[in-house]
Amino acid sequence: MRVAHLADLHLGYRQYHRQTPNGINQREADVAQAFRRAIDRVIDIRPDLVVIAGDVFHTVRPMNPAIIDAFSQFARLTQSLPDATVVMIAGNHDRPRSTETGCILKLFSRLSERVHVVVDEPKRLSFPERNLSILAVPDMSAPYPAFDPDPAFGHNVLVFHGEIEGTFPEHLKWPDRATVEISLDELAPERWSYVALGHYHVHHQVAPNAFYPGAIEYTSTNTWAELDEEGERKLPGKGFIEYDLETAAVRFHHIESSRPLVDLPLLSARGMSAAELDAAILARVAACDGGIEDKIVRLVARDVPRHIAREIDHKAVRELKRRALNFHLDLRRPEQIRTAIGGAPGRRPTLRDIVQNYLAHRSIESGVDRPALVGLGLRYLEDADSAVAVQPSAPPTAIMSADGS
């Protein structure tokens, strides 16, 4: 018996201010396209069980186009796989905060008698014809259910939307409404045939038979951290999981993103003038494989003082923003260095820090090679240090005049 396990669809997700010719937010359309590709792949592999482990929509009250498209795609799934069982649970983005507000997911239970939607509280679903029991645990508050399989069935599947304690890196914890958090011991995956998890947007294996499939598109508040983690772990990106309950064979089905996310190489701007920084930004963009057109692009530039950030060519930056779907120039100020003992944050500077920082930011005549000037100043400082070793009476600050020049 094969399971197709999807989670964190986030249909209706909106970002940036670009629209399609039909007036739909472009990122909303991107997510919808990724969902259609996922449904196409599920239909192709023809599983016996399809599990949606929460966060079907991005908001409790999605706009009508998102609802209509979701209903159409799930209808296509049930019509193409009439013998498949579909189980869907609510995630923290699906469940309303008020008990007076209904959950839109209940609409999908009308598609077929084989579609089971669990929203308000944990529910055990039994399928004797498949020798299968499913414990479906949606997003909820305590008390938690007992995570016990049903011994009367040969296959037991747990579907759970929440966080396994210690699984999420701190930088990837979503700043949204808190979800259920349990320990791996409470989950006890070894007691289950399969554990289908939802809420973590990066594909992640918790145990040999317990997985977060990850989202189907980049829809979190920290997409760049997701991209970094996927790169570090050599993951192909987004997708869903196919798991065989009989053989324990697992396969990750990669779903191509609707458009590339490009994190350009980090730019160190220490000592650069505004004109030099402008040139470096354009060089980074020019080196982007395939250009930045219609992509989501970020460029981080470190050590950019406030006055340099004001003086860069903002017209050129606006042109980059026009070319890309979104171009984020992330200008980060230099590390704050304390120049007095008391009060101010940061580390205490060395004499080398003071000299280098001063020469890197003082006004100079056009045509002067600033890096060469900084290097010359530091060499003079090293010469002075050497002289001190021979003549201790010579102070190491002798190379600097009273006005710091």
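Residues numbered from 1 in each chain as written. Predicted model: local features only at pLDDT ≥ 70, side-chain atom pairs only at ≥ 80, totals over all residues. Heavy atoms only, no water.

**Re the overall build of the chain**
Thought 1: From N to C terminus, the chain includes nine helices and 18 strands.
Thought 2: Looking at the chain as a whole, 49% of its 405 residues qualify as buried.
Thought 3: In the chain, 66% of the contacts between residues at least 6 apart in sequence involve partners at least 24 apart.
Thought 4: Total accessible area computed for the chain in this model is approximately 20000 Å², and 50% of it derives from carbon and sulfur atoms. (Helix = DSSP H or I, 4+ residues; strand = E, 2+ residues; numbered from the N terminus. Buried < 20%, exposed > 50% of the residue type's maximum accessible area, 1.4 Å probe, protein only. Contact = heavy atoms within 4.5 Å. Areas by Shrake-Rupley, 256 points an atom, 1.4 Å probe, with all protein chains shown as cover.)

**Focus: unusual backbone geometry**
Leaving glycine out, the prevailing phi sign among residues is negative, and the prevailing peptide bond configuration is trans.
Thought 1: Of note, the phi angle at Asp-8 is positive, near 55 degrees, even though the residue is not glycine.
Thought 2: Mapped onto the elements, Asp-8 comes out in the loop between β1 (2–6) and α1 (26–45).
Thought 3: The backbone of Asp-303 shows a phi angle near 60 degrees, a positive value even though the residue is not glycine.
Thought 4: Looking at where Asp-303 falls in the secondary structure, it is placed in the loop between β17 (296–302) and α6 (306–311).

**Considering the environment of Pro-82**
Thought 1: Along the chain, Pro-82 falls in the loop between α2 (64–80) and β3 (85–89).
Thought 2: Taking relative accessible area as the criterion, Pro-82 reaches 49% and is therefore assigned partly exposed.
Thought 3: Considered as a pair, Pro-82 and Arg-114 are 32 residues apart in the sequence and their alpha carbons are 8.3 Å apart.

**Let's talk about a negative patch on the surface**
Thought 1: Side chains of Glu-165, Glu-181, Asp-185, Glu-186 and Glu-190 sit close together on the surface and give a patch of like negative charge.
Thought 2: Here Glu-165 shows up in the loop between β8 (163–164) and β9 (181–182). (Patch = residues over 30% accessible without salt bridge, like charges linked within 9 Å, V, L, I, M, F, W, Y side chains within 5 Å. Salt bridge = Lys/Arg side-chain N within 4 Å of Asp/Glu carboxyl O. Lys, Arg positive; Asp, Glu negative; His and termini not counted. Charge placed at Lys NZ, Arg CZ, Asp CG, Glu CD.)

**Remarks on the pairing of strand β2 (residues 49–53)**
Thought 1: Burial of β2 is extensive: five of the five residues sit out of reach of the surface.
Thought 2: Residues Leu-49, Val-51 and Ala-53 line one face of β2 and the alternating positions Val-50 and Ile-52 line the opposite face, and both faces are buried.
Thought 3: Bridge count between β1 and β2: four bridges; the pairing is parallel. Its bridge partner being in β2, His-5 is matched across the sheet by Val-51.
Thought 4: The parallel pair β1 and β2, bridged by α1, forms a crossover whose chirality is right-handed.
Thought 5: Where β2 lies against β3, five bridges are found, and the strand directions are parallel. Across the sheet, the residue bridging to Ile-52 is Met-88, located in β3.
Thought 6: At this point the chain moves from β2, through α2, to the parallel β3, and the crossover so formed is right-handed. (Pairing = 2+ DSSP bridges. Right-handed = clockwise from strand over helix to strand, strands pointing away.)

**Side note on the sheet that holds β2**
Thought 1: Read across the sheet, six strands follow the order β4-β3-β2-β1-β13-β14 without closing on themselves; strand pairing throughout is mixed. On the outer flanks of this sheet lie β4 (115–118) and β14 (250–254), each paired with one strand and no other. Sheet twist, expressed as the mean angle between neighbouring strand axes with direction ignored, is 20 degrees.
Thought 2: With four bridges connecting them, β1 and strand β13 (residues 239–244) associate as antiparallel partners. What sits directly across from Val-3, in β13, is Tyr-243. (Axes fitted to C-alpha atoms, helices over the stretch in contact; angles between N-to-C directions.)

**A short note on the nonpolar core**
Thought 1: Core analysis: the largest hydrophobic core is formed by 36 residues, its most contacted members being Leu-6, Leu-9, Val-56, Phe-57, Phe-74, Leu-77 and Leu-105.
Thought 2: Sorting the residues of this core by element identifies β1, α1, β2, α2, β3 and β4 as the ones contributing at least two each.
Thought 3: Aside from chain neighbours lying at most four places away, what touches Leu-77 is Ile-39, Val-42, Ile-43, Val-50 and Val-86. (Core = buried A, V, L, I, M, F, W, Y, C linked by side-chain atoms within 4.5 Å.)

**Examining the confidence of the model for the chain**
Thought 1: The pLDDT averaged across the chain works out to 88; a share of 86% of its residues lies at or above 70.
Thought 2: Low confidence marks residues 392–405, where pLDDT is under 50. Its contacts with residues over four positions away, or in another chain, come to 18 contacts. (pLDDT = per-residue confidence, 0-100.)

**Looking at the side chain of Arg-27**
Thought 1: Among the secondary structure elements, Arg-27 is positioned in helix α1.
Thought 2: Setting aside anything within four residues of it in sequence, one finds Arg-27 in contact with Tyr-13, Gln-15, Tyr-16, Glu-217, Tyr-218, Arg-259, Ile-296 and Leu-325.

**Considerations on the pattern of salt bridges**
Side-chain pairing between opposite charges can occur once the charged atoms of the two side chains come close.
Thought 1: Summed over all chains, the structure comprises 18 salt bridges.
Thought 2: Arg-36 is paired through a salt bridge with Asp-69; the nearest N and O atoms lie 3.1 Å apart. Here the residue Arg-36 occupies a position in helix α1, and Asp-69 occupies one in helix α2, the gap between them amounting to 33 residues.
Thought 3: Taking the relative accessible area as the measure of exposure, Arg-36 reaches 30% and is therefore partly exposed.
Thought 4: One connected set of salt bridges, linked through shared partners, spans Arg-27, Asp-30, Glu-217 and Arg-259.

**What to know about the packing of aromatic side chains**
Centre-to-centre distance and the angle between the planes together describe a pair of aromatic rings.
Thought 1: One pass over the full model with this rule turns up eight aromatic pairs.
Thought 2: When the ring of Phe-71 is compared with that of Phe-108, the centres are 6.2 Å apart and the planes differ by 25 degrees; the resulting orientation is stacked. Taken together, the residues span a long stretch of sequence, with Phe-71 in helix α2 and Phe-108 in the loop between β3 and β4 at a distance of 37 residues.
Thought 3: Judged by its relative accessible area of 31%, Phe-71 falls in the partly exposed class.
Thought 4: Chaining the aromatic ring pairs together yields one cluster made of Phe-35, Phe-57, Phe-71, Phe-74 and Phe-108. (Phe/Tyr/Trp six-rings, centres within 6.5 Å; stacked < 30°, edge-to-face > 60°.)

**Observations concerning helix α5 (residues 274–286)**
Thought 1: Helix length check: α5, at 13 residues, gives a terminal C-alpha distance of 18 Å against a target of 18 Å (1.5 Å per residue), a fit within 8%.
Thought 2: Taken together, the buried positions of α5 are occupied by Ala-274, Leu-277, Asp-278, Ala-280, Ile-281 and Val-285. Down the axis, α5 shows its buried residues gathered within 165 degrees of arc, on one side only. Pointing more than 90 degrees away from the buried face of α5 are the exposed residues Ala-275 and Ala-286. (Expected span 1.5 Å × (residues − 1). Arc of directions from axis to C-beta.)

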